[in-house]
Each structure stands twice: as C-alpha cells, then as structure tokens.
Amino acid sequence: MMDNGTAASRGANGGSPARGAGVGGGEPGPGIDTEFLIVGSGPAGASLACFLASYGLKGIVIASTPGTADTPRAHITNMAAMECLRDIGLERDMDQVSSKASCMVHTRWCYSMAGDEFARLYSWGNDPRRKGDYEMASPCKPADLPQTLLEPILIRHAVHHGFRVRFDTTLLSFADDERSNVITAVVRDDLTKTETTIRTTYLFGADGARSHVVQRLGLPLDRKPGQGLAFNVLVKADMSHLIGSRMGNLHWVMQPDREHPDFGCMGVVRMIKPWDEWLFILLPGAEHVHVQPSREELLQRVREFIGDETPAEILDVSKWQINEVVADRYSEGNVFCLGDAVHRHPPMNGLGSNTCIQDAYNLAWKIAYVHRGLAGPSLLSTYSEERQPVGKTVVERANQAFRDHFDLWESLGTLEPDLDERRRVYGELLEPGARGSKRRQDFRRGIQKTIEEFHGLGVEMGQHYGGRAIHDADEPAPFQPSGRAAENAVLYHEPNTYPGSRLPHVWLNKAKPTTPTSTIDIAGHGRFVLLTGCGGEAWKRAAGGVSAALGVPLEAHSIGFRQDWEDFYFEWERLRGVQESGAVLVRPDRFVAWRADDVVGDADACAAKLGQVMRSILCLQQG
C-alpha cells in the first residue's frame, strides 16, 4: 500500500473534493497503488513526469494513444521552455535532434514555394537588430523540434527515472475519498478491454483539448467564438532545391488571382524535417466550416502550393479548430490540470507546448515540496494562482496574432469571395500612382503587424507571478514593466529581480577564468538559492541555518569582485536590483521569490528575516 505520511491533506487547494462518475461495463481488476498518476503523455504530461522524477518521485503515466505523437503538431521550443528542460539535463538531447537556428531564420509570404515571393521577416531571434536581446535573455537558444521528436525524449527520460508509462489505456472515471486522502481511478486497457483500479494521492489531467479530467471536475472554461477550421496535411516532398534562397521554417502561400477550393483559400507550409518533410496547414474561408476534401483534392492543393514538379506524398491528414479557451482555474483538491487541457489556442507565437512544459515545471516543485512535508499544503493552490493568468495571456496573444494577419490578407485581396475582385485588388500592387502606392503601403504595414508573432520575446520570457509563493511585501511599490517592455510587453523582455520575475540570465565566471556559468545554472536543480555579494556574508550564514532548521535545500552564492562568482561583464551588478550586500532569493523554478536591499543586521537578524520569508513562501506556519 502507498505511504500517505507526507502527502498533502485533503482540500489543499481550498476546493471541494474531486468527483468522478460511476463506471459501466466489466468488473474492475486488481488495483494498483501509486503516489502520482498522470493522464496524458504529450508535452505537458511527459514533462511533468520528468520534472517529478528529478525529485526522486515515481508514478504512472497513462495515455489513450498507442504511442507518442505520430504527427508533428507543436514544433517551436522557446528559451523559457528550454531552460526548464536544461535543468534536468535534456537540452543536449533536444539539440541533437532539432533543426538549427539557421533553418528558422525567416517567415516568408509567397505565391508558391517555387514561385514569386511577396515579403519575408526575420524570425525567432534571427533579426540582426534583435539577436542581442535573445542572447542576453537566456543561455539557451530557440529550437525547431517537432512534437514527434520531443515526446520520445521526454518519455524515455521519464521511464528511465522511475515513471511507468502505459499507452492504449483510457481513464474511465475517478473519485475521491476524503477520509483516506486517496483518489481512485478506473482505467481500461484498450487492447485487452480489461479495467483496472489505480489508487493515487495525486491525479494530473494532461489529457489535451478534450480533457476527460477537466470535464469530470467541471472546471469552468472561458470560451470565445472559434475562428474557424484548419487542415493539417503532412507531406513528404524534397524541396531542398528550393530552400537555399528561401531559408525559413514558415512559408505563407497565397494565390489571390486564382480559383481556390473551399477547404484551402490560403495556407502555411511549415518545415518539419529539412528539407523533405513538411506540414501544409490549409485555411478554408470563414464560411466553409463543414468542408470534407478528399485525399486527391488535398494532394492537388499541395502541388499548387509547391509550384513545380516536385513529387509529393501525403503521409497524414487531420483537422482542428482555431480555439480561444482557458479554464478559470486549474485544480481542485489534489487533482491538477495542465497544458492543452486548460488552455487552447492557435499555434501563433509558438506558445503551445512551451506553455505546457512551463505549467509542469511550476507544478512539479510544489508537489515535491508538499509531498515531502517541506511546504504547507496550501502551496499547491499557488499553481493555479500563478499559471492561470499566464494561460489566459497566452490564449489571448495567440488569437490576436492570428487576427493580426487579417490586414495583410486584405491588402492582397485574399479575403474577397469574388475572383474578379481578388484579381483587381491583387493587380493594384503593380500599379504606379497613388492607388498602387497605398496598396503597397497597406501590404507593408500588414507584414509589419505580424512582427509580434515572430519576435515575441516578451510574451515568452516576461511572465510575472504574484500570490502567496512570492514575497513582495518588502517592495516599496508594485511591479511595473520597465524600459522597452513598458512600451511593448509582447516584443520586449527587460530582465529584473522584482519578486515574481524570472531570474535574469547573466554569464559568471571564476577569478581564474574557466567555462562561463549562467546564473540560470546556479539556480534550479530542485533547490532554493540565495544570491548576495560583497558584504553579504551574514546572508550566507543565515541561509545555512535556515536550510537546516526547515530541512529545505537552500544554497547561498556571492557574486562580485573576488566572490564565489565573478561578474566580469558587470551585468549582475546592473540587474540585481539590490545593493552589494543585499540578497535575491530564487525558487526552485528559477523565479525570484524575494529580495532584500541590504543586510538587516547580524547573521541572527538575517536568519530571522530569511526564515520568516521562507516560511511565508512555503506556506508554513510562522515559528
């Protein structure tokens, strides 16, 4: 039987117990006991298993699918998500199978892959004017890593570190026993059609856009009207002869002067594997929501989008809705939902799997600390408190990015239902004089309007948390974005140490120089870190005492001239936000939890202050 001695008490999130419906059909077979049951093996569920395993925790992942993803779906892995995976040693594995940054250099608009080009934008940190922003924001680099390659890396790591994964296994129901603090789930092996009971302390719903867990919990969903239908057509086609002068991983194709089928008035050609596997995303007109093209019709459209005699073979076809949905809360009792189960949106800005991974990273350390008795149960309520606003922002941003294309489409005449009118509008682009000039300026402005999608560093890296797991009571004023982020929080990220912000990345070294080390790598690894400087010795002694008293892993490092770490570029001095002898406390997920501008007396006084702050962040009773 499982040991519940350190498990969270019922009602940790302040909600009512999770409820499940009864199960019809066969009699449940022998039960299985586990502490952690994850439903779903996509980026959210698989990464959660990896992060929990990094704390030495073991559990079970079930998925109704026969294996890992068989279609590419998500592909851009941004630096924020890469930092999470770097923390558990997976960045190198991902780098070995991802497409390199040079493959991601542009987003293009064209008549066909082999035909005329309309315009292009630098993307994903490749704009010479933005490269420095990306390099200063993180030690990691963005990568193009299709979900078909990402999921096996995550699943392999989870299995090798203590999680059992069962595919072809469907969750039928779950119910909560308040007295025993046990969630009982009934699952079905879809191969043998047998049912099994799994008893668990924690249940995680990472089961995608039609989440069974979310439905059973009855989590309220904020839905806005969908923006239509799209078809994903996975294609084998060697276009290496075209790409040398058309380098990029996203290619918008529009042919406004030609008749087009209802199922694909325009589309995006997305690189999957350089340069012989592609995803053709076909967008029907808004009025065509029930079209069902044949495979032959889709192949004809693919050939038109390629534009030359390149042989093409369709590997897979699927369709999806352009959603705008976010759950009002992400958890109830000891049932937690994450990923697409609680936020659904189009793939614009490449935020999908990245947000899933960051959900899991935020949740894992809190589960581990509460489960081990290092934090109070109410720490678990801060998962939804912190991540729901992020999910809401991401859903809004991705859908706005989709709408940001409308002006561009209109400038080319693409949205006009009548072919003659489309040709008239499209023809104006070639006209001299005022009318043609206006059309060309409208087109240029339409292209520029999409920049926030392809260089949204701020929305990727600028997330800010508030709530009980952040101690900002000592700050003189509420948080406000600064610098360029105050002007445009989507495009720009301004690193800072205000509590609730991501720890800034700064390259550090030793007095006798060796391999540079990022502040990101000093932090993380399942522990709290206190950063101080010259004159902050009292903080370092306090950290040792507080760590011993609370049993919480807490390390202290000093940064500055002849300290533990050298700040040769003076970047930490610029960004630390406190005096040399001050302190910056960083959570295991590398978000700043608290800071002190200066020492507050001797080591005993610093220990008292630090102990009070740690207890507050960990939702422990004050000693």
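Residues numbered from 1 in each chain as written. Predicted model: local features only at pLDDT ≥ 70, side-chain atom pairs only at ≥ 80, totals over all residues. Heavy atoms only, no water.

The protein chain goes by FAD binding domain-containing protein in an unreviewed UniProt entry, where it is assigned to Hirsutella rhossiliensis.

### Things to note about the packing of aromatic side chains
This is how the line gets drawn: Only the six-membered ring of Trp is used, alongside the rings of Phe and Tyr, when aromatic pairs are assigned; centres must lie within 6.5 Å, and planes under 30 degrees apart are stacked while those over 60 apart are edge-to-face, with the rest tilted. Where helices and strands are cited, they refer to DSSP runs of H or I of at least four residues and of E of at least two residues respectively, numbered from the N terminus. Residue burial is assigned from relative accessible area. The probe radius is 1.4 Å, only protein chains are included, and a residue is buried under 20% of its type maximum, exposed over 50%, and partly exposed in between.
Per the counting criterion, the structure on display carries 20 aromatic pairs. Here the aromatic rings of Phe118 and Tyr426 are separated by 6.1 Å at their centres, their planes lie at 80°, and the arrangement is edge-to-face. Of this pair, Phe118 sits in strand S6 (residues 117–122) while Tyr426 sits in helix H12 (residues 419–428), placing them 308 residues apart in sequence. Taking the centre distance of 5.3 Å and the plane angle of 35° together, the rings of Phe406 and Trp409 count as tilted. Remark: Trp409 and Phe406 occur in helix H11 (residues 406–412); sequence separation between them is three residues, near one turn of the helix. Look at Trp409 and you get buried, because its relative accessible area is 4%.

### Some points on the sheet that holds strand S16 (residues 266–273)
In plain terms, the rule: Criterion used throughout: strands pair if DSSP finds at least two bridges between them. Here, axes are lines fitted to C-alpha atoms. For helices the fit covers the stretch in contact, and angles between N-to-C directions go from 0 to 180 degrees. Pairs of residues are marked as contacts when any of their non-hydrogen atoms sit within 4.5 Å.
What the seven strands build is an open sheet, ordered S6-S5-S15-S16-S17-S14-S18; its pairing is mixed. Two strands bound the open sheet, and with one partner strand each, they are S6 and strand S18 (313–321). This sheet shows a mean twist of 20° between the axes of neighbouring strands, independent of strand direction. Pairing of strand S14 (residues 229–236) with S18, which is carried by eight bridges, proceeds in the antiparallel orientation. Across the sheet, residue Lys236 finds its bridge partner in S18, namely Glu313. Contacting S14, strand S15 (250–254), S16, strand S17 (277–283) and S18, helix H8 (residues 295–306) crosses the sheet at an angle of about 100° to S18.

### A short note on a nonpolar patch on the surface
Operational definition: Exposure above 30% relative accessible area and the absence of a salt bridge qualify a residue for a patch, where like charges join within 9 Å and nonpolar side chains (Val, Leu, Ile, Met, Phe, Trp, Tyr) within 5 Å. For every accessible area listed, the method is Shrake-Rupley and the probe measures 1.4 Å; residues are considered covered only by the protein chains on display. For this analysis, a salt bridge means a side-chain nitrogen from Lys or Arg found within 4 Å of a carboxyl oxygen belonging to Asp or Glu.
Together, Trp507, Phe568 and Tyr569 line one region of the surface with nonpolar side chains, adding up to about 350 Å² of accessible area. Considering the arrangement of structural elements, one finds Tyr569 in the loop between strand S26 (554–558) and helix H19 (571–575).

### Description of the sheet that holds strand S28 (residues 592–596)
As summarised here, the arrangement of the four strands in space is S26-S25-S27-S28, forming an open sheet in which the pairing is mixed. This sheet does not close on itself; its edge strands, each paired only once, are S26 and S28. Averaged over all pairs of adjacent strands, the angle between their axes in this sheet comes to 15°, without regard to strand direction. Relative to strand S27 (residues 583–586), strand S25 (residues 528–532) is paired through three bridges, and the arrangement is antiparallel. From the neighbouring strand, Leu530 faces S27, where its bridge partner is Leu585. Along the sheet, helix H18 (residues 537–550) contacts S25, S26, S27 and S28; its crossing angle with S26, the most-contacted strand, is approximately 170°.

### Remarks on the environment of Lys273
Its location among the elements puts Lys273 in strand S16. Between the C-alpha atom of Lys273 and that of Arg562, which follows or precedes it by 289 residues, the distance is 48 Å.

### Observations concerning the nonpolar core
Here is the rule: The nonpolar core is taken to be a set of buried Ala, Val, Leu, Ile, Met, Phe, Trp, Tyr and Cys residues, with the residues joined through side-chain atoms within 4.5 Å.
Leu52, Phe204, Tyr369, Phe528, Leu585 and Leu610 are the most contacted members of the largest nonpolar core, which totals 97 residues. Examining the composition of this core, we find that eleven residues originate from one element, helix H9 (residues 352–371), more than from any other. What Leu610 contacts, discounting residues up to four positions off in sequence, is Leu530, Trp539, Ala542, Ala543, Val546, Leu554, Leu585 and Trp594. Core analysis: the second largest hydrophobic core is formed by 31 residues, Ala119, Ala230, Leu279 and Phe402 among them.

### Focus on the pattern of salt bridges
Close approach of charged atoms allows side chains with opposite charge to pair. Under the counting rule described, the total for this entry stands at 39 salt bridges. One salt bridge connects Arg130 with Asp133, and the closest N-O pair in it is separated by 2.7 Å. As far as the burial class goes, Arg130 and Asp133 line up, both buried. The partner of Arg587 in a salt bridge is Glu386, with the nearest N and O atoms 2.8 Å apart. Here Arg587, found in the loop between S27 and S28, pairs with Glu386, found in helix H10 (residues 381–403); they are 201 residues apart in sequence, far enough to count as distant. A relative accessible area of 0% means that Arg587 is categorised as buried. Several salt bridges share partner residues, and in doing so they unite Glu421, Arg424, Glu428, Glu431, Arg435 and Arg439 into one network.

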